[in-house]
Amino acid sequence: MNHAISRRIEELEQLSPPLTAQTDIDEYWDSTLAQFATKPLNSKRIFVETPFTYMEVYKVVYEGFDATPIHGWFLLPSFPRDKKEKLPCVVLYHGYTGSKGYPEDYASYLLMGMAVFAIDIRGQAGETGNLLHQDFGTTRGWVTQGILHRDTCYYKAITIDALKALDWVSEQPEIDSSRICASGGSQGGGLAMIAAALSDKPAIAVPHIPNMCYMDFGILNSSSSLTEAASFIERFPEHLETVLTTLSYYDIMNLAHRIRIPIFVTVGLKDPVTMPETIYAAYNRVRSEKTIVPYPFTGHAVTGDQNRKAMEFITSKLLK
């Protein structure tokens, strides 16, 4: 049908803004991944007593980008099953200013017979602190920490933390390392999508309303975390080009060509945070098997229908 909604989606499906990638972006990430491949996780896994009979709960601490202890929940279904059979696992990243929450938040995955590893993003509302070095001022929040260089910025720290979560879970004896999903919403969706581009651990990825896409457009128009970067540039206008260069190394639009696994993406056409223009700009450049589900009347939210469709995708790919 030819109506405003269908025309809007068609326009987005054709969107192809110029890449902002620096000429060395692939070389940079290849060398960065090689550098961190040998960094030890120094992890701990501690069993936690809970009132949930059919949930086996572990508190996990590991190291990612630096010596910051990254906290997470590792959850296994404990209803009767063949203990010799290894489980698929969903690695979950939360949205900006959030946390890993509580074990019971992930019961739906366990009911499907899947394991879960949900982590805190450093410095935000969970148990995880932030030891990232800082030698220049910031605005509110975390986004502008170290933003004047690709190697010192907050985005690098949380990206490596996210990749190391996949490394950790792939080493667990209960987990089938060939059946791992990277998933999350907003900030977490961006981390799931960049993990799909940079890690060989996930078999699939489910980025809901992902951030970290078409970031120069986002810094100009978004109403959430990238307003911190906009405020930084407003305060230090001489650093505009430097900031945009830093962000370009973490912009999934510039890394989408590296995604080689199936992905399932959701987008709200009324989203003022992870605007549809930003998501489609990255999604349209993905060359692997891909699905995007637009919600014309949804803002910055992951609805029940989005979750159900994502669960159907995950089960179709990971459950034998």
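Residues numbered from 1 in each chain as written. Predicted model: local features only at pLDDT ≥ 70, side-chain atom pairs only at ≥ 80, totals over all residues. Heavy atoms only, no water.

A. Structural context of the overall build of the protein. Per the secondary structure count, the protein includes 11 helices and 9 strands. A compact globule built from 320 residues should have a C-alpha radius of gyration of about 20 Å, and the protein, at 19 Å, falls within 12% of that. With the C-alpha coordinates of the protein rotated into their principal frame, the extents come out at 60 × 55 × 35 Å. Within the protein, the proportion of its 320 residues that are buried is 55%. The contacts in the protein between residues at least 6 apart in sequence include a share of 75% that link residues at least 24 apart. If you average the places of the 29 positive and of the 36 negative side-chain charges in the protein, the two averages end up 4 Å apart. (Helix = DSSP H or I, 4+ residues; strand = E, 2+ residues; numbered from the N terminus. Rg over C-alpha atoms; globule rule 2.2 N^0.38 Å. Buried < 20%, exposed > 50% of the residue type's maximum accessible area, 1.4 Å probe, protein only. Contact = heavy atoms within 4.5 Å. Lys, Arg positive; Asp, Glu negative; His and termini not counted. Charge placed at Lys NZ, Arg CZ, Asp CG, Glu CD.)

B. The side chain of Glu56, seen in detail. Here Glu56 shows up in strand β2 (residues 55-63). Looking at Glu56, the relative accessible area reads 19%, which means it is buried. A distance of 2.4 Å separates the side chain of Glu56 from the side chain of Tyr58, its partner in a polar contact. When near neighbours in sequence (up to four residues on either side) are disregarded, Glu56 contacts Phe47, Phe74, Leu75, Leu76, Ser78 and Lys83. (Polar contact = N/O pair within 3.5 Å; in protein donor to acceptor, adjacent residues only side chain to side chain.)

C. Up close: helix α10 (residues 276-283). Buried residues dominate α10, accounting for 8 of its 8 residues. Looking only at α10, the buried set comprises Pro276, Glu277, Thr278, Ile279, Tyr280, Ala281, Ala282 and Tyr283. Buried residues along α10 sit in contact with α1 (4-13), α5 (187-198), α6 (215-221), α9 (252-255), β8 (263-268) and β9 (290-295).

D. A look at the pairing of strand β3 (residues 69-77). β3 sits mainly inside the fold: 8 of its 9 residues count as buried. Note: β2 against β3, 9 bridges, orientation antiparallel. Residue pairing across strands places Lys59 opposite Trp73, the latter belonging to β3. Turn length for the β2-β3 hairpin, with the two strands adjacent in sequence and antiparallel, is 5 residues. With 4 bridges joining them, β3 and strand β5 (residues 115-119) adopt antiparallel strand pairing. By the bridge assignment for β5, Gly72 is matched with Ile119. (Pairing = 2+ DSSP bridges.)

E. Seen up close, the sheet that holds β5. Reading across the sheet, the 9 strands line up as β1-β2-β3-β5-β4-β6-β7-β8-β9 and stay open at both edges, with mixed pairing between neighbours. The open sheet terminates on both sides in strands that have one partner only, identified here as β1 (44-48) and β9. In this sheet, adjacent strand axes meet at a mean angle of 20 degrees when their direction is disregarded. Together, β4 (87-93), β6 (175-185), β7 (204-208) and β8 form the strand contacts of α5, whose direction differs from that of β6 by roughly 140 degrees. Relative to the sheet, helix α11 (residues 304-318) contacts β4, β6, β7, β8 and β9, its axis offset from that of β7 by approximately 175 degrees. (Axes fitted to C-alpha atoms, helices over the stretch in contact; angles between N-to-C directions.)

F. Highlighting the nonpolar core. Membership of the largest hydrophobic core comes to 81 residues, with the highest contact counts inside it found for Phe74, Tyr93, Phe117, Tyr155 and Ile263. Considering every element that reaches this core, the biggest residue donor is helix α4 (residues 154-170), with 11 residues. Counting 23 residues, the second largest nonpolar core, distinct from the first, contains Val57, Leu110, Phe264 and Ala310. (Core = buried A, V, L, I, M, F, W, Y, C linked by side-chain atoms within 4.5 Å.)

G. Broad picture of helix α2 (residues 25-37). In this model α2 runs 18 Å from its N-terminal to its C-terminal C-alpha over 13 residues, within 8% of the 18 Å that 1.5 Å per residue would give. Taken as a whole, α2 has its buried residues at Ile25, Tyr28, Trp29, Thr32 and Phe36. Looking straight down α2, one finds its buried side chains confined to an arc of 90 degrees; they lie on one side. The outward face of α2, more than 90 degrees from its buried face, is lined by the exposed residues Glu27, Ala34 and Ala37. (Expected span 1.5 Å × (residues − 1). Arc of directions from axis to C-beta.)

H. Looking closely at the packing of aromatic side chains. Under the criterion given, the structure shown has 18 aromatic pairs. Here Trp29 and Tyr250 contribute two aromatic rings whose centre-to-centre distance is 5.5 Å and whose plane-to-plane angle is 90 degrees, an arrangement assigned as edge-to-face. Note that Trp29 is positioned in helix α2 and Tyr250 in the loop between α8 (240-248) and α9, a separation of 221 residues in sequence. Each of the two residues, Trp29 as well as Tyr250, counts as buried. A ring pair is formed by Phe232 and Phe236, whose centres lie 5.0 Å apart and whose planes are at 50 degrees; its orientation type is tilted. Under the relative-accessibility criterion, Phe232 is labelled buried at 1%. You can call Phe236 buried: its relative accessible area is 17%. Among the aromatic residues, those joined into a cluster by ring pairs are Phe47, Tyr58, Tyr62, Phe74, Phe117 and Trp168. (Phe/Tyr/Trp six-rings, centres within 6.5 Å; stacked < 30°, edge-to-face > 60°.)

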